[in-house]
Amino acid sequence: MDDRDKDLTHLFVRDLDEIPLPARGTWRHVSGRETIVTRSSRYLLTAGAVVAVVAIALIVGFQLSQRRQSAATPSASPTPSPSGATAVNPSASPSATATEPPASGTPAAGGGIYNDDFGFVVLGQSATIRKESSNEPVATFAQQYFAVSPDGKLVAYWEPGPGAGGAGAQLRMFAAGGSSAEQALVTLAADQRGGGMAWSSDGAGLLYSTESGSAGIGGGPNSATLDLYELAANGRHGTTIVTETNTGWLYRPIAWDRSANLAAAALTGEGGFMGPYITVRLNADGSFTARRFDTAGTGMLISSILVSSDAKFVLGVELTSGNIRWWPLPDFAASKSQAGAGKRGALWRPGTHEIGFMSGEQLWLGNIDQAGSQGLCCTAFSGAPATSLLRTFRADGTAAVLYVPPTTSGPVVGGVQYVLVRIGSDPKSTSGDRVTFQEGSALVASVRFR
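Anyway, here's the lowdown on the structure attached to this text. (Residues numbered from 1 in each chain as written. Predicted model: local features only at pLDDT ≥ 70, side-chain atom pairs only at ≥ 80, totals over all residues. Heavy atoms only, no water.)

1. Regarding the overall build of the protein chain
Note the cut-off: Secondary structure follows DSSP: runs of H or I at least 4 residues long count as helices, runs of E at least 2 residues long count as strands, and numbering of each begins at the N terminus. The cut-offs for exposure are 20% and 50% of the maximum accessible area for each residue type, with area from a 1.4 Å probe on protein chains only; residues under the lower value are buried, those over the upper are exposed, and the others partly exposed. Should any heavy atoms of two residues lie within 4.5 Å, those residues are considered in contact. All accessibility values rest on the Shrake-Rupley procedure with a 1.4 Å probe; residue burial counts only the protein chains present in the view.
Looking only at helices and strands, the protein chain features two helices and 28 strands. The buried share among the 450 residues of the protein chain stands at 53%. For the protein chain, long-range pairs separated by at least 24 residues make up 51% of all intrachain contacts whose partners lie at least 6 apart in sequence. Accessible area for the protein chain stands at about 18300 Å²; split by element, carbon and sulfur atoms hold 53% of it.

2. So, the pairing of strand 26 (residues 416-422)
Selection criterion: At least two bridges found by DSSP between two strands is the condition for calling them paired.
Extensive coverage of strand 26 is indicated by the burial of five of its seven residues. Pairing of strand 25 (residues 399-404) with strand 26 involves six bridges; the strand directions are antiparallel. Among the inter-strand pairings, Val404 is bridged to a residue of strand 26, identified as Gln417. Taken together, the six bridges between strand 26 and strand 27 (residues 434-439) define a ladder with antiparallel strand orientation. Each bridged residue has a counterpart across the sheet, and for Gln417 the counterpart in strand 27 is Gln438.

3. Points about the pattern of salt bridges
Threshold: By definition, a salt bridge exists where a carboxyl oxygen of Asp or Glu is found within 4 Å of a side-chain nitrogen of Lys or Arg.
Taken as a whole and assessed by the stated rule, the structure comprises 14 salt bridges. Its salt-bridge partner being Glu182, residue Arg172 comes within 2.6 Å of it at the nearest N-O pair. On the criterion of sequence distance, the pair formed by Arg172 in strand 6 (residues 170-175) and Glu182 in the loop between strand 6 and strand 7 (183-187) is long-range, its members being 10 residues apart. When its relative accessible area of 9% is taken as the criterion, Arg172 is described as buried. A relative accessible area of 6% means that Glu182 is categorised as buried. Its salt-bridge partner being Asp202, residue Arg258 comes within 2.6 Å of it at the nearest N-O pair. Remark: Asp202 occurs in the loop between strand 8 (192-199) and strand 9 (205-212) and Arg258 occurs in the loop between strand 12 (250-257) and strand 13 (262-268); sequence separation between them is 56 residues. In this structure Arg258 comes out as partly exposed when scored by relative accessible area, which is 26%. Residues participating in the shared-partner salt-bridge network are Asp202, Glu230, Arg236 and Arg258.

4. Description of the sheet that holds strand 22 (residues 362-367)
Filter applied, for reference: Only C-alpha atoms enter the line fits that serve as axes; for helices the fit covers just the stretch in contact. Angles between N-to-C directions range over 0 to 180 degrees.
Here four strands make up an open sheet; going across it, the order is 20-21-22-23 and the pairing antiparallel. In this open sheet, the two edge strands, each paired with only one partner strand, are strand 20 (343-348) and strand 23 (379-381). Within this sheet the neighbouring strands show an average axis-to-axis angle of 30°, counted without direction. With two bridges joining them, strand 22 and strand 23 adopt antiparallel strand pairing. Residue pairing for strand 23: Leu363 is matched across the bridge by Phe381.

5. Some thoughts on the packing of aromatic side chains
Note the following rule: The aromatic pairing rule takes the rings of Phe, Tyr and Trp, using the six-membered ring of Trp, and pairs them if the centres are within 6.5 Å, calling planes under 30 degrees apart stacked, those over 60 edge-to-face and the rest tilted. Either the NZ atom of lysine or the CZ atom of arginine qualifies as a charge over a ring when it sits within 6 Å of the ring centre and within 35 degrees of the ring normal.
A full pass over the atoms with the stated rule returns 14 aromatic pairs. Relative to Phe146, the ring of Phe141 lies with its centre 5.9 Å away and its plane at 80°, an arrangement referred to as edge-to-face. Of the two residues, Phe141 and Phe146, both sit in the buried class. Measuring from ring centre to ring centre gives 5.3 Å for Phe141 and Phe174, while their planes differ by 65°; the resulting arrangement is edge-to-face. Placement of Phe141 in strand 3 (residues 137-141) and of Phe174 in strand 6 is noted, with a sequence separation of 33 residues between them. Phe174 sits in the buried class, given a relative accessible area of 2%. An aromatic cluster is present here, built from Tyr114, Phe120, Tyr403, Tyr418 and Phe437 joined pairwise through their rings. Arg258 extends its terminal NZ or CZ atom over the ring of Trp256, reaching a point 5.6 Å from the ring centre.

Structure (C-alpha cells):
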C-alpha cells in the first residue's frame, strides 16, 4: 500500500470510529514504552482499518463511475499520475499556475449557503481542490502530507520522492486559487523522508520534519529533524533547529508563532500516541533553545493535536476518556481540560479561540478565553444528524462541515453525505442554515481562493 492509500485509510478510520489511524510504516517499536493501552489501541485501529478499506473501495468505485459519466468534458477532470510521484495541476505543466476559479456569488444550489470564494480539499486517487458549490476541480496534487496556511490561501505538501517510502521527497507550495506558479521549496536527500508540516502563524514560513535511516524491520528512523523554511528571499531556507538521533522518535510539527519566535512539535512513536511535547525558542543570536514537557498519562493521539490560527493555543483529545485538553503554546504544564463524555471530536474554529465539537445533535463552540467553572460554552446550533462528526470549518470560520456516517454497512450509494452549516457572527444565535451534499471522495479541509 503506498502512502496515498495509507492517508485515505487513515481518513476513513476516523470517520468510522473517530480514531485516526497513523501510517503503520512510520511508527517504531520502542522497547519498554508500549503499554496495555497502546497495544489495545493498535488492535482496535487495525480492526477499524479493515472496515475502512472496504469503505474506500466502495467510494473509489463510485468516484470512477462519476468520472466515466463526465468523460465528455475531460478538461474538467485532470488525471492524477498513476505513480503518485508527480504533482499535477489542471494545466500542461506540473509547475504551472492552477486554473483560476470563476467569480463567486452564484452557487448552483444550496440556498446561498455555498460561497465559491472557498473550496474543499478532497482525497481520492490524488488530492483535489474543488469549488464549494460543484465538483469542478481547480487543482490536483499527489501528496504524502499537506497543510493549508492559516488564511486558507496557500497549500504546502510533500510530493513523494523516488526512494522507498517516498524518500527524496520534495516540499512544494502553491496558491489554492492559482494566483501564482507552484514552487519547489526543499528537495530532500535520497535517504530522507518527509514527515509532517505546520504553517507559521503569519503564513510566511513552514515548520517541517524529516526522518532517515531505519532501526530495522518495523523500526523507526535513526535520525529525525525539525526544520524551518521562511518564504522571504533572505530567510532561513531549510534550517534544522532540533534533532533526535537513534531514539526511534519522530517529530510531528504543531505550530510556529513567528511573533513570539517560538516553534512547537511533539515526538511520537508506535501506535501514534503523543510523546514528549517540545518547544524551541528562536533566539536573536541565531541559536535555538529547546524545552521538553512530559505528557505521560494523557493518552492523546498525535493526529488529534491541533493549533489555533494564531498559534497561541494547542488542543488534543484524550483517547480513553475523550476529554478535550488545551494549553498555551509555550507551556504544556498549564493545560486545562473539559470532560469528554458524549462529545465527538474537537477542532479550532479559524480566526478564533473557539473549540468546536459535536454533542448529540448540537454543535458546540466554546471560547477558551471565556471558559468558566462549567467549562466550554455554548451551543452554536441544534438539529444536526445525531451521529455526525465535525469534519472541518470553512477557512474563514463562517461555516462548519459535518460528516454523516452511513447508516448501514452495505454499499455507499450516491457518495458520502456532508452538511455545510452557516455560522453567524454570534455563534450563540446562529440559525443553523444548512445544505446537505454528497461527495464521492473524502472531504478533509477548506481553502480560500481570494
